[in-house]
Amino acid sequence: AQTVTQSQPEMSVQEAETVTLSCTYDTSENNYYLFWYKQPPSRQMILVIRQEAYKQQNATENRFSVNFQKAAKSFSLKISDSQLGDTAMYFCAFGRINSGYALNFGKGTSLLVTP
Amino acid sequence: DVKVTQSSRYLVKRTGEKVFLECVQDMDHENMFWYRQDPGLGLRLIYFSYDVKMKEKGDIPEGYSVSREKKERFSLILESASTNQTSMYLCASSLTSGSVDTQYFGPGTRLTVL
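In short, a report on the structure. On a predicted model such as this, the values are computed, not experimentally measured, just so you know. (Residues numbered from 1 in each chain as written. Chains lettered and ligands numbered in written order. Predicted model: local features only at pLDDT ≥ 70, side-chain atom pairs only at ≥ 80, totals over all residues. Heavy atoms only, no water.)

## Points about the overall build of chain B
To keep things clear, this is the line we draw: Helical segments are the DSSP runs of H or I of at least four residues, strand segments are the runs of E of at least two, and each set is numbered from the N terminus. What the globule rule says is 2.2 Å times the number of residues to the power 0.38, and the radius of gyration is computed from C-alpha atoms. Here's how the labels work: a residue is buried when its accessible area is under 20% of the maximum for its type, exposed when over 50%, partly exposed in between, all with a 1.4 Å probe on protein chains only. Residue contacts follow a heavy-atom distance rule, with two residues in contact if any of their heavy atoms lie within 4.5 Å. Residue-level accessible areas treat just the shown protein chains as cover; the underlying method is Shrake-Rupley with a 1.4 Å probe. Positive charges are assigned to Lys and Arg, negative charges to Asp and Glu, while His and the chain termini are left out of the count. All charge positions are set by atom: Lys at NZ, Arg at CZ, Asp at CG, Glu at CD.
The number of helices and strands found in chain B is zero helices and 11 strands. Start at the N end of chain B and walk to the C end: the helices and strands fall as β-β-β-β-β-β-β-β-β-β-β. Rg of the C-alpha trace for chain B: 13 Å, near the compact-globule value of 13 Å for 114 residues, within the 12% margin. With the C-alpha coordinates aligned to their principal axes, the bounding extent of chain B is approximately 40 × 25 × 25 Å. Sorting the 114 residues of chain B into buried and exposed places 49% on the buried side. Long-range pairs, those at least 24 residues apart, make up 56% of the contacts in chain B between residues at least 6 apart in sequence. Carbon and sulfur atoms form 50% of the exposed surface of chain B, whose accessible area is close to 5,400 Å². Counting 15 positive and 15 negative side-chain charges, chain B places the averaged centre of each group 7 Å from the other.

In structure tokens, the structure reads:
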């Protein structure tokens, strides 16, 4: 079974600073998908960024980027120029090819951005 | 924009009651999912469906069933609610059954079983 580990239950960062959230996973598959989702307080879960394992180039979406290390099975999320609206729970997820493409989620990292 | 709606944001039920949680998506997505979210545990998959009338068990199906009579609607049923089913329930949908597409989530239903 694919497991996803987020080792930082809580983190905080000051506005305009950069923060990195870590995620490791375990799988025997060669091709798979990885995601970071964001869940703001009392709001809907939304996709932040996705990475396909066969692509070596790290995905980037505006201030959000990933550091994908396939051999190390590591998938960290970097948030640059942090904003107050980035305060949220962040979940790393692994896309399961053989289960209706459901997602295996980590336990989440609660990120607080302070003024 | 994709929209996934859930019938209730908050629900309070009694032990032993039959509970229905409804989820509707408006983008003709093939896949639909029910997850349960608990603090410190992340999200866990209960059931999923890749087509009308098709359903598959996820990781924690015990005590739950599902129904998908129409493509846009996926219902989660608690046959006899118990206190350990108090949780946040999230519905999600994705476009095709041929790849790991982005999942779009509903706002969640916070269920309390007394």
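## Let's talk about the interface of chain B and chain A
What counts, and what does not: The quantity reported as buried area is the accessible area (1.4 Å probe) lost by two parts once they are put together, taken as the sum for both. We define a salt bridge as a contact between a side-chain nitrogen of Lys or Arg and a carboxyl oxygen of Asp or Glu at a distance within 4 Å. Two N or O atoms count as a polar contact when they lie within 3.5 Å, although within protein this holds only if one can serve as hydrogen donor and the other as acceptor, and sequence-adjacent residues are included solely when both atoms are side-chain atoms. The residue classification treats Ala, Val, Leu, Ile, Met, Phe, Trp, Tyr, Cys and Pro as nonpolar and Asp, Glu, Lys and Arg as charged. All others, Gly included, are polar.
At the junction of the two partners, chain B supplies 24 residues and chain A supplies 22 residues. In total, about 1,800 Å² of surface goes out of reach between chain B and chain A, with carbon and sulfur atoms giving 56% of it. At the junction of chain B with chain A, the criterion picks out zero salt bridges. The interface formed by chain B and chain A contains five residue pairs in polar contact (both at pLDDT 80 or more). Grouping the amino acids of the side of chain B that touches chain A by side-chain chemistry returns 11 nonpolar, 10 polar and three charged.

## With respect to the state of the cysteines
Rules: Disulfides are defined as pairs of cysteine sulfur atoms found within 2.5 Å of each other.
Counted by the stated rule, this structure contains two disulfides over all chains. A sulfur-sulfur distance of 2.0 Å marks the disulfide that ties C23 of chain A to C92 of chain A. Between C23 of chain A and C92 of chain A, the S-S dihedral sits near -70°, and the bridge is therefore left-handed. Of this pair, C23 of chain A sits in the loop between β3 (19–21) and β4 (24–26) while C92 of chain A sits in strand β10 (residues 88–95), and the two are 69 residues apart along the sequence. Between the sulfur atoms of C23 of chain B and its disulfide mate C91 of chain B the distance is 1.8 Å. Negative torsions about the S-S bond denote left-handed disulfides, and the value of about -75° found for C23 of chain B with C91 of chain B makes this one left-handed. Here the residue C23 of chain B occupies a position in strand β3 (residues 19–25), and C91 of chain B occupies one in strand β9 (residues 87–94), the gap between them amounting to 68 residues. The residues C23 of chain B and C91 of chain B share a single accessibility class, namely buried.

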